[in-house]
Amino acid sequence: MRKGREVLVIGGNRYFGKRLIARLLAAGDRVTVLNRGSAAPPPGVVHLVADRDDDKSLTAALGSRTFDVVVDQVCYTPRQAEIARRVFTGRTRRYVLTSTVEVYEYEDSIAPVREPDVDPLDVLVDLELPWEDPEFLEAHYGEGKRQAEAVFAADPDFPYAAVRVAHVLGGDDDFTGRMTHYANRIRAGEPIAVPVVNHPATYIHVEEIADFLFWAVGEDFTGPVNAASHGLLTTEDLCDAIAAHLPDGRTVFRPVEVGEVSPFAFTRAYGMDNSRATRLGFRFTRAREWLPKAVAETLGKDAG
């Protein structure tokens, strides 16, 4: 029988984070959740309250605790990464950072991107940028994750892995509203703004990324790894799946050369190569197979 692990999850109170915690608990792991205290964690976990942006607050909350694995769901900036690396050095055998496909935002390639296309060791870290400004952070989400990865990678003795997560779909608790954006327009027959050249992207189901993170907790690989279901989806694919639940709706695309476009409409390719994770032993599903289910879950009663 496998011995339960000591796992710390930073953040993780919603969407695939809470699903990860449920999987860890079901497997017999002892789970500690650390957040600012704005939301209660699920039953069965130890709850620590701290400001992760403050060394002293974080250190005081942790006390003498050590962990087998830390899963960091809410590290968005190099400053946060620097504090985490400093505080958790010697406290954990493994640090799993939830990163993003957005780290590839500067890679203008039609071919699915591979992990070496963005090597954290080649990323310049600038701690003096206004990372505490919410508007700046939102506009530089991918760059913040790139630099956070770079901070962890800079210390060869810090055992980190960065899970670069594809766009996540599914679940009745999708808080992003992106799929609802399309449903509302299809239902009303309103135009959906897309780039003139609209590129496809890779996606992953909310349950599959929870499975992936749970799997990553138990592995020993380091460095970046792409997490995406097999196959590309276009905006048309998403709209077709949504329209299937809205028989009275109408899909109208409006190509625009400049200006804001709809979510999941891209001026550049966002396809990720998942072969590294596959070689390491994770078995991905195919996006086209779970897409109808994801739409049904997210739209729910609103689909009628």
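Residues numbered from 1 in each chain as written. Predicted model: local features only at pLDDT ≥ 70, side-chain atom pairs only at ≥ 80, totals over all residues. Heavy atoms only, no water.

1. Remarks on the overall build of the protein
Consideration 1: When its secondary structure is counted, the protein shows 10 helices and 12 strands.
Consideration 2: Radius of gyration (C-alpha) of the protein: 20 Å, near the 19 Å computed for a compact globule of 304 residues.
Consideration 3: Across its three principal directions, the C-alpha atoms of the protein cover 60 × 40 × 40 Å.
Consideration 4: Per-residue burial for the protein yields a buried fraction of 51% across its 304 residues. (Helix = DSSP H or I, 4+ residues; strand = E, 2+ residues; numbered from the N terminus. Rg over C-alpha atoms; globule rule 2.2 N^0.38 Å. Buried < 20%, exposed > 50% of the residue type's maximum accessible area, 1.4 Å probe, protein only.)

2. Some remarks on the nonpolar core
One broad trend across soluble globular proteins is that nonpolar side chains are buried collectively.
Consideration 1: Ranked by internal contacts, the top residues of the largest apolar core, which has 66 residues, are Val163, Leu169, Tyr203, Ile209, Phe212 and Ile242.
Consideration 2: Among the elements that take part in this core, helix α7 (residues 206-217) stands out by supplying 7 residues, more than any other.
Consideration 3: Leave out the neighbours within four places in its chain, and Ile209 touches Phe16, Val163, Val165, Val168, Ile204 and Ala227.
Consideration 4: The next biggest cluster of nonpolar side chains, apart from the first, holds 25 residues, and it includes Val70, Cys75, Ile83 and Tyr95. (Core = buried A, V, L, I, M, F, W, Y, C linked by side-chain atoms within 4.5 Å. Contact = heavy atoms within 4.5 Å.)

3. Details of the environment of Val9
Consideration 1: On the secondary structure map, Val9 appears in strand β1 (residues 6-10).
Consideration 2: Val9 sits 23 residues away from Thr32 along the chain, and the two C-alpha atoms are 6.2 Å apart.

4. A short note on the sheet that holds strand β9 (residues 201-205)
Consideration 1: Taking strand neighbours across the sheet as the criterion, the 3 strands line up as β7-β9-β11 in an open arrangement whose pairing is mixed. Bordering the open sheet on either side are β7 (167-169) and β11 (232-233), each of which pairs with just one other strand.
Consideration 2: Where β9 meets β11, 2 bridges bridge the pair, whose relative direction is antiparallel. Within the sheet, the bridge partner assigned to Thr202 lies in β11 and is Leu232. (Pairing = 2+ DSSP bridges.)

5. Regarding the side chain of Gln147
Consideration 1: Mapped onto the fold, Gln147 is located in helix α5 (residues 141-153).
Consideration 2: Within the structure, the side chain of Gln147 is placed 2.8 Å from the backbone nitrogen of Asp126, a separation counted as a polar contact.
Consideration 3: Engagement of the side chain of Gln147 in a polar contact is seen with the side chain of Glu143, the distance being 2.8 Å.
Consideration 4: Other than its neighbours up to four places away in sequence, Gln147 contacts Pro78, Val123, Leu124, Val125, Asp126, Leu129 and Trp131. (Polar contact = N/O pair within 3.5 Å; in protein donor to acceptor, adjacent residues only side chain to side chain.)

6. A closer look at the environment of Val45
Consideration 1: Looking at the secondary structure, you find Val45 in the loop between β2 (30-35) and β3 (46-49).
Consideration 2: Once the C-alpha coordinates of Val45 and Ser57 are considered, the two residues, 12 residues apart in sequence, prove to be 20 Å apart.
Consideration 3: Filtering out sequence-adjacent residues up to four positions away, Val45 remains in contact with Ile21, Leu25, Val31 and Val33.

7. Some words on the sheet that holds strand β6 (residues 160-165)
Consideration 1: Read from one edge to the other, the open sheet built from 7 strands follows the order β3-β2-β1-β4-β5-β6-β10, with strand pairing classed as parallel. Bordering the open sheet on either side are β3 and β10 (223-227), each of which pairs with just one other strand. Ignoring strand direction, the axes of neighbouring strands in this sheet form an average angle of 20°.
Consideration 2: Where helix α1 (residues 15-26) meets the sheet, it contacts β1, β2, β4 (69-72) and β5 (95-100), and its direction lies at approximately 155° from that of β2. (Axes fitted to C-alpha atoms, helices over the stretch in contact; angles between N-to-C directions.)

8. A word on the pairing of β5
Consideration 1: With 6 of 6 residues buried, β5 is to be regarded as a mostly interior element.
Consideration 2: The side-chain alternation of β5 yields two buried faces, one formed by Tyr95, Leu97 and Ser99 and the other by Val96, Thr98 and Thr100.
Consideration 3: Relative to β5, β4 runs parallel, the two being bridged by 3 bridges. Looking across to β5, one finds that Asp72 is bridged to Leu97.
Consideration 4: Direction of pairing for β5 relative to β6: parallel, over a ladder of 6 bridges. From the neighbouring strand, Ser99 faces β6, where its bridge partner is Arg164.

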